[in-house]
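Fold and geometry: a report
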Amino acid sequence: MVEDDWKIANSVAVTAASFFAYRLCVALVATKALEDAAAVDLLQATAQDVRASTRDGEAEMVGEAVAKSYEQCAAWLIGRVGRLS
């Protein structure tokens, strides 16, 4: 086991979480349990929460990357970039 294996595992976990959030929002929109705009707002609010919780600290750069992943999911949801099927 390599000394930095935890970084790889952490990266995979963060990526999986954002994809799960995206797919959950897509499923909720598809079942009409949530409107498109509300799902986009939810993903964007999550991005802002991540930024706020990592501001002015050592994790700020990582927090920004995570926040951008949620914003990317919001963009996919509204079709600006292309959907993840």
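Quick summary incoming for the structure in this document. (Residues numbered from 1 in each chain as written. Predicted model: local features only at pLDDT ≥ 70, side-chain atom pairs only at ≥ 80, totals over all residues. Heavy atoms only, no water.)

The next thing to look at is the nonpolar core. Across soluble globular proteins, nonpolar side chains have a tendency to be buried as a group. Within the largest apolar cluster, 16 residues are counted, with the highest numbers of intra-cluster contacts made by Tyr22, Cys25, Ala39, Leu43, Tyr70, Cys73 and Leu77. Elements that contribute at least two residues to this core include exactly helix H1 (5–30), helix H2 (36–54) and helix H3 (60–78). The dominant element in this core, judged by the number of residues it contributes, is H3, at seven residues. The residues touching Cys73, leaving out its near neighbours within four places in the chain, are Ser18, Tyr22 and Leu43. (Core = buried A, V, L, I, M, F, W, Y, C linked by side-chain atoms within 4.5 Å. Buried < 20%, exposed > 50% of the residue type's maximum accessible area, 1.4 Å probe, protein only. Helix = DSSP H or I, 4+ residues; strand = E, 2+ residues; numbered from the N terminus. Contact = heavy atoms within 4.5 Å.)

In this structure, Lys32 is a non-glycine residue whose phi angle is positive, near 65°. Examined against the element boundaries, Lys32 turns out to sit in the loop between H1 and H2. For Asp56, which is not glycine, the phi torsion reads 60° and is therefore positive. Inspection of the secondary structure assignment puts Asp56 in the loop between H2 and H3.

Turning our attention to the environment of Tyr70. For Tyr70, the position within the fold is in helix H3. What makes Tyr70 buried here is its relative accessible area of 11%. Spatially, the C-alpha atom of Tyr70 lies 7.9 Å from that of Tyr22, the residues being 48 residues apart in sequence. When near neighbours in sequence (up to four residues on either side) are disregarded, Tyr70 contacts Ala17, Ser18, Ala21, Leu43, Thr46 and Ala47.

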